[in-house]
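For reference, the chains in residue letters:
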Amino acid sequence: LIPYRENQQHYIATCIKPLFQERNGRNLFIYGNPGIGKTVATIHVLNEQEEKSDITPIYINCWKRNTAYKIILDICEKVGYKFTINKSTDELLDAVTGILNKGSCVICLDEVDKLDSNDIIYYLLENIYKKTIILITNEKPLLDKLDSRIKSRLNPETLEFKPYNYEETLGILKQRSEYAFVMGALGKDSIELIARKTFELKDLRTGIYLLKESGDIAES
(Lines give C-alpha, C1' and ligand atoms only; values in the text may rest on other atoms or scores of the structure.)
Protein backbone atom coordinates (compact mmCIF):
# COMPACT_ATOMS: atom_id res chain seq x y z
CA LEU A 1 0.00 0.00 0.00
CA ILE A 2 1.11 3.54 -0.74
CA PRO A 3 1.56 5.41 2.57
CA TYR A 4 -1.42 7.62 3.47
CA ARG A 5 -3.31 6.54 0.33
CA GLU A 6 -4.69 3.27 1.70
CA ASN A 7 -8.31 4.47 1.65
CA GLN A 8 -8.04 5.68 -1.94
CA GLN A 9 -6.45 2.39 -3.03
CA HIS A 10 -9.23 0.39 -1.38
CA TYR A 11 -11.79 2.57 -3.17
CA ILE A 12 -10.15 1.97 -6.55
CA ALA A 13 -10.08 -1.78 -5.84
CA THR A 14 -13.78 -1.69 -4.89
CA CYS A 15 -14.65 -0.21 -8.30
CA ILE A 16 -12.76 -3.04 -10.01
CA LYS A 17 -14.17 -5.77 -7.76
CA PRO A 18 -17.34 -6.59 -9.83
CA LEU A 19 -15.05 -7.77 -12.64
CA PHE A 20 -14.03 -10.70 -10.44
CA GLN A 21 -17.66 -11.89 -10.59
CA GLU A 22 -17.60 -11.40 -14.39
CA ARG A 23 -19.83 -8.34 -14.12
CA ASN A 24 -19.22 -4.85 -15.43
CA GLY A 25 -17.02 -2.80 -13.11
CA ARG A 26 -17.73 0.70 -11.84
CA ASN A 27 -16.10 3.57 -13.71
CA LEU A 28 -14.02 6.06 -11.74
CA PHE A 29 -13.02 9.72 -12.11
CA ILE A 30 -9.93 10.58 -10.05
CA TYR A 31 -8.82 14.17 -9.56
CA GLY A 32 -6.40 16.20 -7.45
CA ASN A 33 -3.28 18.37 -7.63
CA PRO A 34 -0.10 17.13 -9.35
CA GLY A 35 2.38 15.11 -7.30
CA ILE A 36 0.05 13.75 -4.63
CA GLY A 37 -0.04 10.06 -5.50
CA LYS A 38 -2.95 9.65 -7.97
CA THR A 39 -0.94 7.80 -10.59
CA VAL A 40 1.27 5.71 -8.32
CA ALA A 41 -1.67 4.58 -6.17
CA THR A 42 -3.70 3.57 -9.24
CA ILE A 43 -0.82 1.70 -10.89
CA HIS A 44 -0.14 -0.23 -7.69
CA VAL A 45 -3.77 -1.37 -7.57
CA LEU A 46 -3.68 -2.37 -11.26
CA ASN A 47 -0.49 -4.37 -10.74
CA GLU A 48 -2.01 -6.12 -7.75
CA GLN A 49 -5.16 -7.06 -9.72
CA GLU A 50 -3.01 -8.44 -12.54
CA GLU A 51 -1.15 -10.71 -10.11
CA LYS A 52 -4.37 -12.03 -8.56
CA SER A 53 -6.61 -12.48 -11.60
CA ASP A 54 -6.99 -12.71 -15.37
CA ILE A 55 -8.24 -9.13 -15.57
CA THR A 56 -6.22 -7.20 -18.16
CA PRO A 57 -4.90 -3.88 -16.79
CA ILE A 58 -4.17 -1.17 -19.35
CA TYR A 59 -2.54 2.09 -18.21
CA ILE A 60 -2.10 4.90 -20.74
CA ASN A 61 -0.59 8.33 -20.20
CA CYS A 62 -2.52 10.67 -22.48
CA TRP A 63 0.15 13.35 -22.28
CA LYS A 64 2.37 11.01 -24.31
CA ARG A 65 -0.45 9.40 -26.31
CA ASN A 66 -3.06 12.05 -26.97
CA THR A 67 -4.77 10.63 -30.08
CA ALA A 68 -7.03 7.62 -30.61
CA TYR A 69 -4.46 6.04 -32.95
CA LYS A 70 -1.60 6.33 -30.44
CA ILE A 71 -3.80 4.96 -27.65
CA ILE A 72 -4.92 1.99 -29.74
CA LEU A 73 -1.32 1.22 -30.75
CA ASP A 74 -0.41 1.21 -27.06
CA ILE A 75 -3.30 -1.14 -26.25
CA CYS A 76 -2.26 -3.42 -29.13
CA GLU A 77 1.20 -3.69 -27.59
CA LYS A 78 -0.21 -4.40 -24.12
CA VAL A 79 -2.53 -7.18 -25.34
CA GLY A 80 0.10 -8.70 -27.64
CA TYR A 81 -1.49 -7.82 -31.00
CA LYS A 82 1.41 -7.35 -33.42
CA PHE A 83 -0.32 -6.96 -36.81
CA THR A 84 -0.50 -3.17 -36.76
CA ILE A 85 1.42 -2.18 -39.91
CA ASN A 86 -0.65 -0.29 -42.52
CA LYS A 87 -3.88 -0.68 -40.52
CA SER A 88 -6.27 2.17 -39.85
CA THR A 89 -7.47 3.26 -36.43
CA ASP A 90 -10.84 1.57 -37.05
CA GLU A 91 -9.22 -1.73 -38.03
CA LEU A 92 -7.04 -1.68 -34.93
CA LEU A 93 -10.04 -0.79 -32.76
CA ASP A 94 -11.91 -3.81 -34.10
CA ALA A 95 -8.95 -6.10 -33.42
CA VAL A 96 -8.40 -4.81 -29.88
CA THR A 97 -12.11 -4.96 -29.07
CA GLY A 98 -12.25 -8.61 -30.10
CA ILE A 99 -9.32 -9.45 -27.81
CA LEU A 100 -10.53 -7.46 -24.78
CA ASN A 101 -14.08 -8.78 -25.02
CA LYS A 102 -12.83 -12.31 -24.42
CA GLY A 103 -12.32 -11.34 -20.77
CA SER A 104 -12.40 -8.36 -18.40
CA CYS A 105 -10.18 -5.29 -18.38
CA VAL A 106 -9.39 -2.10 -16.52
CA ILE A 107 -8.47 0.82 -18.77
CA CYS A 108 -6.84 3.79 -17.07
CA LEU A 109 -6.44 7.04 -19.02
CA ASP A 110 -4.08 9.27 -17.04
CA GLU A 111 -3.77 13.01 -17.82
CA VAL A 112 -7.03 12.51 -19.73
CA ASP A 113 -7.40 16.29 -20.16
CA LYS A 114 -4.54 16.10 -22.73
CA LEU A 115 -6.60 14.07 -25.23
CA ASP A 116 -7.16 15.88 -28.52
CA SER A 117 -10.63 14.26 -28.71
CA ASN A 118 -12.80 12.34 -26.25
CA ASP A 119 -14.22 10.05 -28.97
CA ILE A 120 -11.96 7.22 -27.84
CA ILE A 121 -13.60 7.30 -24.38
CA TYR A 122 -17.02 6.98 -26.01
CA TYR A 123 -15.83 4.07 -28.15
CA LEU A 124 -14.41 2.15 -25.17
CA LEU A 125 -17.59 2.72 -23.14
CA GLU A 126 -19.79 1.51 -25.99
CA ASN A 127 -17.82 -1.44 -27.29
CA ILE A 128 -15.92 -3.05 -24.42
CA TYR A 129 -18.27 -5.29 -22.44
CA LYS A 130 -16.76 -6.06 -19.02
CA LYS A 131 -14.54 -3.20 -17.97
CA THR A 132 -13.75 -0.45 -15.50
CA ILE A 133 -12.72 2.85 -17.06
CA ILE A 134 -10.54 5.06 -14.83
CA LEU A 135 -9.94 8.69 -15.81
CA ILE A 136 -7.23 10.63 -13.97
CA THR A 137 -6.80 14.40 -14.16
CA ASN A 138 -5.66 17.41 -12.17
CA GLU A 139 -8.83 19.26 -13.18
CA LYS A 140 -12.13 18.42 -11.50
CA PRO A 141 -14.14 20.65 -13.94
CA LEU A 142 -13.16 18.29 -16.78
CA LEU A 143 -16.00 15.97 -15.75
CA ASP A 144 -18.56 18.72 -16.34
CA LYS A 145 -17.04 19.48 -19.75
CA LEU A 146 -17.45 15.94 -21.10
CA ASP A 147 -20.03 15.37 -23.82
CA SER A 148 -23.41 14.39 -22.34
CA ARG A 149 -23.33 11.06 -24.25
CA ILE A 150 -20.02 10.18 -22.61
CA LYS A 151 -21.10 11.36 -19.15
CA SER A 152 -24.30 9.32 -19.19
CA ARG A 153 -22.45 6.15 -20.23
CA LEU A 154 -19.49 6.75 -17.93
CA ASN A 155 -21.64 7.56 -14.88
CA PRO A 156 -18.48 7.50 -12.75
CA GLU A 157 -17.72 7.34 -9.08
CA THR A 158 -15.53 10.34 -8.14
CA LEU A 159 -12.43 10.13 -5.96
CA GLU A 160 -10.50 13.19 -4.78
CA PHE A 161 -6.86 12.95 -3.77
CA LYS A 162 -6.22 15.74 -1.27
CA PRO A 163 -2.72 17.17 -0.70
CA TYR A 164 -0.54 15.52 1.94
CA ASN A 165 -0.24 17.40 5.23
CA TYR A 166 3.22 18.16 6.64
CA GLU A 167 3.45 15.03 8.80
CA GLU A 168 2.46 12.80 5.85
CA THR A 169 4.96 14.60 3.60
CA LEU A 170 7.74 14.09 6.14
CA GLY A 171 6.78 10.44 6.63
CA ILE A 172 6.90 9.65 2.90
CA LEU A 173 10.24 11.42 2.40
CA LYS A 174 11.71 9.58 5.41
CA GLN A 175 10.57 6.27 3.94
CA ARG A 176 12.07 7.10 0.54
CA SER A 177 15.33 8.28 2.11
CA GLU A 178 15.68 4.94 3.95
CA TYR A 179 15.69 3.21 0.56
CA ALA A 180 18.08 5.71 -0.99
CA PHE A 181 20.74 6.49 1.62
CA VAL A 182 22.96 4.56 4.01
CA MET A 183 22.04 4.99 7.66
CA GLY A 184 23.13 8.33 9.10
CA ALA A 185 23.79 9.99 5.73
CA LEU A 186 20.73 12.25 5.97
CA GLY A 187 20.49 14.54 9.00
CA LYS A 188 17.21 15.28 10.81
CA ASP A 189 17.45 19.01 10.02
CA SER A 190 18.00 18.30 6.32
CA ILE A 191 14.99 16.00 5.91
CA GLU A 192 12.77 18.42 7.82
CA LEU A 193 13.93 21.34 5.66
CA ILE A 194 13.17 19.37 2.49
CA ALA A 195 9.79 18.29 3.90
CA ARG A 196 8.81 21.89 4.73
CA LYS A 197 9.68 23.08 1.23
CA THR A 198 7.82 20.12 -0.33
CA PHE A 199 4.74 20.77 1.82
CA GLU A 200 4.84 24.46 0.85
CA LEU A 201 4.81 23.55 -2.87
CA LYS A 202 2.22 20.71 -2.42
CA ASP A 203 4.12 18.44 -4.83
CA LEU A 204 5.85 15.34 -3.49
CA ARG A 205 7.95 15.02 -6.63
CA THR A 206 9.73 18.20 -5.54
CA GLY A 207 10.82 16.48 -2.33
CA ILE A 208 12.03 13.37 -4.19
CA TYR A 209 14.02 15.64 -6.53
CA LEU A 210 15.56 17.58 -3.61
CA LEU A 211 16.57 14.34 -1.88
CA LYS A 212 18.24 13.09 -5.05
CA GLU A 213 20.03 16.40 -5.73
CA SER A 214 21.21 16.58 -2.12
CA GLY A 215 22.65 13.08 -2.38
CA ASP A 216 24.36 13.86 -5.70
CA ILE A 217 25.90 17.07 -4.31
CA ALA A 218 27.12 15.30 -1.17
CA GLU A 219 28.62 12.51 -3.24
CA SER A 220 30.45 14.93 -5.56
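Above this text sits the structure in question.
Not measured: the values here are computed from a predicted model. (Residues numbered from 1 in each chain as written. Predicted model: local features only at pLDDT ≥ 70, side-chain atom pairs only at ≥ 80, totals over all residues. Heavy atoms only, no water.)

1. With respect to the pattern of salt bridges
Filter applied, for reference: What makes a salt bridge here is a side-chain nitrogen of Lys or Arg within 4 Å of a carboxyl oxygen of Asp or Glu, nothing more.
Under the criterion given, the structure shown has 11 salt bridges. We note a salt bridge from K114 to D113, for which the minimum N-O separation is 3.7 Å.

2. Looking at empty space enclosed by the protein
Short version of the rule: Computed over the protein atoms alone on a 1 Å grid, cavities are sets of points where a 1.4 Å probe fits but cannot get out and pockets are open sets with protein on both sides within 12 Å along at least five of seven lines; a residue lines them when it has an atom within 4 Å of a point. Grid points are joined across faces, edges and corners, and a volume is the space filled by probe spheres set on the points.
Following the criterion strictly, the structure yields 1 cavity of 30 Å³ or more and no others. One number sums up the size of the largest cavity: a volume of about 50 Å³. Taken together, G35, I36, P163, Y164, T169, T198, F199, K202, D203 and L204 make up the lining of the largest cavity.

3. Observations regarding unusual backbone geometry
Operational definition: To qualify as a helix, a DSSP run of H or I must reach at least 4 residues; to qualify as a strand, a run of E must reach at least 2; elements of each kind are numbered from the N terminus. Accessible area is worked out with a 1.4 Å probe on protein chains only. A residue is then buried under 20% of its type maximum, exposed over 50%, and partly exposed in between.
Positive phi, close to 60 degrees, is recorded for E22, a residue that is not glycine. Relative to the helices and strands, E22 resides in the loop between α1 (6–16) and β1 (28–32). You can call E22 exposed: its relative accessible area is 60%.

4. Some details on the environment of N27
Test applied: Contact between two residues is taken to exist if any of their heavy atoms lie within 4.5 Å; hydrogens are not considered. Side-chain atoms alone can form a polar contact between residues adjacent in sequence; in general such a contact is a pair of N or O atoms within 3.5 Å, and within protein one must be able to donate a hydrogen while the other accepts it.
Inspection of the secondary structure assignment puts N27 in the loop between α1 and β1. When the C-alpha positions of N27 and I134 are compared, they lie 5.9 Å apart, and in sequence the two are 107 residues distant. Setting aside residues no more than four positions away along its own chain, N27 makes contact with L125, K131, T132, I133, R153, L154, P156 and E157. One polar contact links the side chain of N27 to the main-chain amide nitrogen of I133, over a distance of 2.8 Å.

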